[in-house]
Amino acid sequence: MKSFMRGIVLALGLAVMGGAVAASDVRDGNAIVVPAKNDKFSIGGATMGKAELFGYISDLKDTEHVTGIVLKRGASDEQRKAVGSIAKTLQLKAFEQDGGELKPIDPAN
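So, a few notes on the structure that sits alongside this text. Computed from a predicted structure; not experimentally measured.

1. Quick look at the side chain of N30
Consideration 1: Residue position: N30 is located in strand β2 (residues 30-36).
Consideration 2: Owing to a relative accessible area of 11%, N30 belongs among the buried residues under this scheme.
Consideration 3: In contact with N30, not counting residues within four places along its chain, are D25, V66, T67, G68, I69, V70 and F95.

Laid out in C-alpha cells, this is it:
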C-alpha cells in the first residue's frame, strides 16, 4: 500500500511538472517555437519534426488555448512554411520573431 501511494504522489508530481513545462512555452496566448537543426523544431524541452510539432501544437490549442504560434528568429524557409501550414490547418495565427517585433508568416509562401 505504501509503494502504491508513493506511485500516485510521483505521478501527480510529474503531471504538475509537465504542465509547468508546457505553460512556459506559451506566452500571451502564443506557442513559442525555436528553430532547430535539420528543419526540426524545439518546444517543451523536446526537438521534433513537423508532424510531431503539429500534434504538440494541436494539444496546446486544446489544453492551453493558444491562438498563435511564434517562430523564433533564425528559421529556414522550410521551417517558416511548416509553421505557416500548421497554423493554417489549426486555424491559428503564425508569426516570426524579428527582434522585438512579430512579423506574420504567410502560409502560402
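Having put the structure on the table, let's press on.
2. Regarding helix α2 (residues 50-63)
Consideration 1: With 14 residues, α2 extends 20 Å from end C-alpha to end C-alpha; this agrees with the ideal 20 Å at 1.5 Å per step.
Consideration 2: Three or more residues of α2 are buried, namely L53, I57 and L60. End-on, the buried residues of α2 take up no more than an arc of 55 degrees, which puts them together on one face. Exposed and oriented more than 90 degrees from the buried face of α2 are A51 and D62.
Consideration 3: H65, located one to two residues past α2, shows a positive phi value of around 60 degrees.

Reading the values: the criteria
Residues numbered from 1 in each chain as written. Predicted model: local features only at pLDDT ≥ 70, side-chain atom pairs only at ≥ 80, totals over all residues. Heavy atoms only, no water. Helix = DSSP H or I, 4+ residues; strand = E, 2+ residues; numbered from the N terminus. Buried < 20%, exposed > 50% of the residue type's maximum accessible area, 1.4 Å probe, protein only. Contact = heavy atoms within 4.5 Å. Expected span 1.5 Å × (residues − 1). Arc of directions from axis to C-beta.

Take it as geometry only, folks, not as evidence of what the structure does.
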